[in-house]
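# An overview of the molecular structure
Residue strings, one per chain:
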Amino acid sequence: LKKVAYFHLLNKNNKYSAYALIAALESRFPQFRSDFVRRPKEVLDHVNKYDKVILGVTLMTTDLLNENYLDEIISLKGKVILVAGGPHPTGDPYGTLSLGFDLVVHGEGEETLGELISALSESEELDDVKGLYLSDFRFTGRRKQVDLNDFPPWPYWRGLFGPIEITRGCPFACAYCQTSFIFKSTVRHRSVENVVRYAELLKKLGGKDLRFITPNALSYGGNGYDMRLDLIEELLSKLKKVGVRTFFGSFPSEVRPEFVKNDSIKIIEKYASNKRIVIGAQSASNKMLKLLHRGHTWEDVVNAVDISVKHGITPEVDFILGLPGETEEDMEITLNGMKELINMGARAHLHYFMPLPGTPLAFSYPTKLPDKIRKEVANLVGKGKAWGQWLKQEKISWKIVELRERGVIMIRPYRRREVEPKLINPNP
Ligand code: SF4
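Residues numbered from 1 in each chain as written. Predicted model: local features only at pLDDT ≥ 70, side-chain atom pairs only at ≥ 80, totals over all residues. Heavy atoms only, no water.

## Let's talk about the overall build of the protein chain
The secondary structure content of the protein chain amounts to 14 helices and 16 strands. Here the C-alpha radius of gyration of the protein chain, 22 Å, is about what a compact globule of 428 residues would show, namely 22 Å. Each principal axis of the C-alpha distribution contributes one length, and for the protein chain these read about 65 × 55 × 40 Å. A buried classification covers 57% of the 428 residues belonging to the protein chain. Considering only residue pairs separated by 6 or more positions, the protein chain has 75% of its internal contacts joining residues 24 or more positions apart. A total of about 18300 Å² of accessible surface is found on the protein chain, and carbon and sulfur atoms cover 52% of it. Computed over 61 positive and 53 negative side-chain charges, the inter-centroid distance for the protein chain is 3 Å. (Helix = DSSP H or I, 4+ residues; strand = E, 2+ residues; numbered from the N terminus. Rg over C-alpha atoms; globule rule 2.2 N^0.38 Å. Buried < 20%, exposed > 50% of the residue type's maximum accessible area, 1.4 Å probe, protein only. Contact = heavy atoms within 4.5 Å. Areas by Shrake-Rupley, 256 points an atom, 1.4 Å probe, with all protein chains shown as cover. Lys, Arg positive; Asp, Glu negative; His and termini not counted. Charge placed at Lys NZ, Arg CZ, Asp CG, Glu CD.)

Structure representation (structure tokens):
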């Protein structure tokens with residue numbers, strides 16, 4: 001057997017996924033050395049100690065704009081095995097291999113990485129490791145989805161912890177979002193017992209606050225469309241007994257507007273510590289919401305804000321500016337919608353559309369904001385009623401378009417059938 005070691009490149013944007021991957025490797029494949037590196041070149045300190053060294057990189061599309069970072073990684077080609085995974089490589093495996101990576105992990109990495117290391121320790125043969133794009137662009141095939149309960153959320157034995165991923169997968173497949181296309185539409189949850197166990201560990205390690213990673217906190221325990229208030233209440237009441245402060249439906253997660261009802265918000269009010277909730281709206285134009293495949297209406301958003309405010313929870317509502325196909329009229333509708341919510345007591349969190357690989361809108365263009373709209377948005381920001389990275393994201397968005405046009409992003413043609421059609425609710 002060859003001696004193989006795995007090092008994951010840690011940076012401020014990939015901390016949570018890096019923790020989860022190292023936790024999965026160290027708990028399931030303890031016979032192999034796995035660790036973090038903070039700079040790509042740090043991995044060179046280890047190449048003489050092992051027969052094969054892998055550098056794993058979680059890549060976001062925005063990382064492609066950081067040329068120095070990427071150059072430093074690719075300069076290691078030939079000295080270590082370069083493996084990319086995460087949202088960008090999953091959406092654009094061919095483009096990622098063309099950048100110089102040796103292998104791409106498609107979708108979830110927990111099991112694929114462990115099997116990859118095992119296979120490399122035995123031979124060079126990787127065809128049996130499902131979920132990989134090989135350097136000759138062949139795909140080894142899809143793998144079964146992981147069960148979150150099989151993996152620790154973070155490597156607590158290293159004294160490291162963070163938010164707990166309680167739900168993975170989303171059935172809505174919104175046209176701009178990578179979640180359903182990476183993790184698929186099948187919704188999986190970490191069990192109440194499992195979450196409570198890690199909450200206890202977190203408390204023992206000195207952690208006071210517990211947050212979650214989930215596409216929609218109020219979908220916990222259900223099939224993605226329904227609400228299992230019994231399970232949400234069981235989870236939150238047990239966590240309260242553990243004695244940690246629980247933040248449910250706020251950063252880094254959110255809730256869908258049509259899930260905000262009197263009974264669901266009452267449970268949050270009763271057990272959770274957050275005084276804010278993040279609600280995804282994205283647009284106030286019902287035409288745009290339909291085009292985006294959001295599966296809810298503007299009226300659902302207004303209703304969710306009304307209910308939250310009545311329960312003393314401040315809604316922070318996400319909007320996306322510059323959506324493809326948006327007319328000035330749609331933008332006016334969204335701007336007026338934002339003002340309506342602000343008057344009700346909400347804050348608007350502003351984003352700018354980015355054509356992300358792997359999504360149905362990967363080939364589209366952002367829409368430029370007319371000066372009048374831009375001024376009004378800036379005015380809301382100036383008054384502290386809205387905030388966000390929208391100006392930075394606007395620049396990034398056009399740079400992504402440029403990379404696409406230069407062929408750096410190659411993007412495999414998107415196929416709607418990749419999201420199981422039976423799970424797309426025709427009448428949400
Ligand atoms: S509901 Fe949220 S997580 Fe699900 S596809 Fe839409 S934006 Fe993504």
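## With respect to the environment of Leu44
Residue placement: Leu44 occurs in the loop between strand E2 (33-37) and strand E3 (52-58). Residues Leu44 and Leu76, 32 residues apart in the sequence, show an inter-C-alpha distance of 8.3 Å. Other than its neighbours up to four places away in sequence, Leu44 contacts Leu76 and Lys79.

## Quick look at the site of the ligand
Taken together, Cys170, Phe172, Ala173, Cys174, Tyr176, Cys177, Thr179, Ser180, Pro215, Arg256 and Arg294 are the residues near the ligand. Classifying every residue of the shell around the ligand by side-chain character gives 7 nonpolar, 2 polar and 2 charged. (Near = heavy atom within 4 Å. Nonpolar A, V, L, I, M, F, W, Y, C, P; charged D, E, K, R; others polar.)

## What to know about helix H7 (residues 192-204)
Given a rise of 1.5 Å per residue, 13 residues ought to cover 18 Å, and the 18 Å separating the end C-alpha atoms of H7 matches this to within 8%. Taken residue by residue, H7 has Val192, Asn194, Val195, Val196, Tyr198, Ala199, Leu201 and Leu202 as its buried positions. In this structure, the buried side of H7 is in contact with strand E7 (164-165), strand E10 (209-210), strand E11 (212-213) and helix H8 (229-242). One or two steps after H7, the chain reaches Gly206, where phi turns positive at roughly 100 degrees. (Expected span 1.5 Å × (residues − 1).)

## Describing the sheet that holds strand E15 (residues 347-352)
Within the open sheet, the 4 strands sit side by side as E13-E14-E15-E16. Their pairing is parallel. Either end of the sheet is taken by a strand with one partner, and the two such strands are strand E13 (276-282) and strand E16 (386-387). Those strands touched by helix H14 (residues 390-406) are strand E14 (314-321) and E15, and its axis lies near 15 degrees from that of E15. (Pairing = 2+ DSSP bridges. Axes fitted to C-alpha atoms, helices over the stretch in contact; angles between N-to-C directions.)

## Focus on helix H11 (residues 298-310)
Taking 1.5 Å per residue, 13 residues should reach 18 Å; H11 reaches 19 Å between its end C-alpha atoms and fits that length. Within the span of H11, buried status applies to Trp298, Val301, Val302, Ala304, Val305, Ile307 and Ser308. On its buried face, H11 sits against helix H9 (262-271), E13, helix H10 (286-291), E14 and helix H12 (328-344). Immediately downstream of H11, the backbone of Gly312 shows phi near 75 degrees, a positive value.

## Side note on the packing of aromatic side chains
For any pair of aromatic rings, the description rests on two quantities: the centre-to-centre distance and the angle between the ring planes. Tallying each qualifying case throughout the model produces 11 aromatic pairs. Taking 4.4 Å as the distance between ring centres and 20 degrees as the angle between the ring planes, the aromatic pair formed by Tyr133 and Phe139 counts as stacked. Among the residues examined, Phe139 registers a relative accessible area of 31% and is labelled partly exposed. Clustering of aromatic rings is evident, with ring pairs tying together Trp154, Tyr156, Trp157, Phe161 and Tyr198. (Phe/Tyr/Trp six-rings, centres within 6.5 Å; stacked < 30°, edge-to-face > 60°.)

The values are spatial; any link to function lies outside them.
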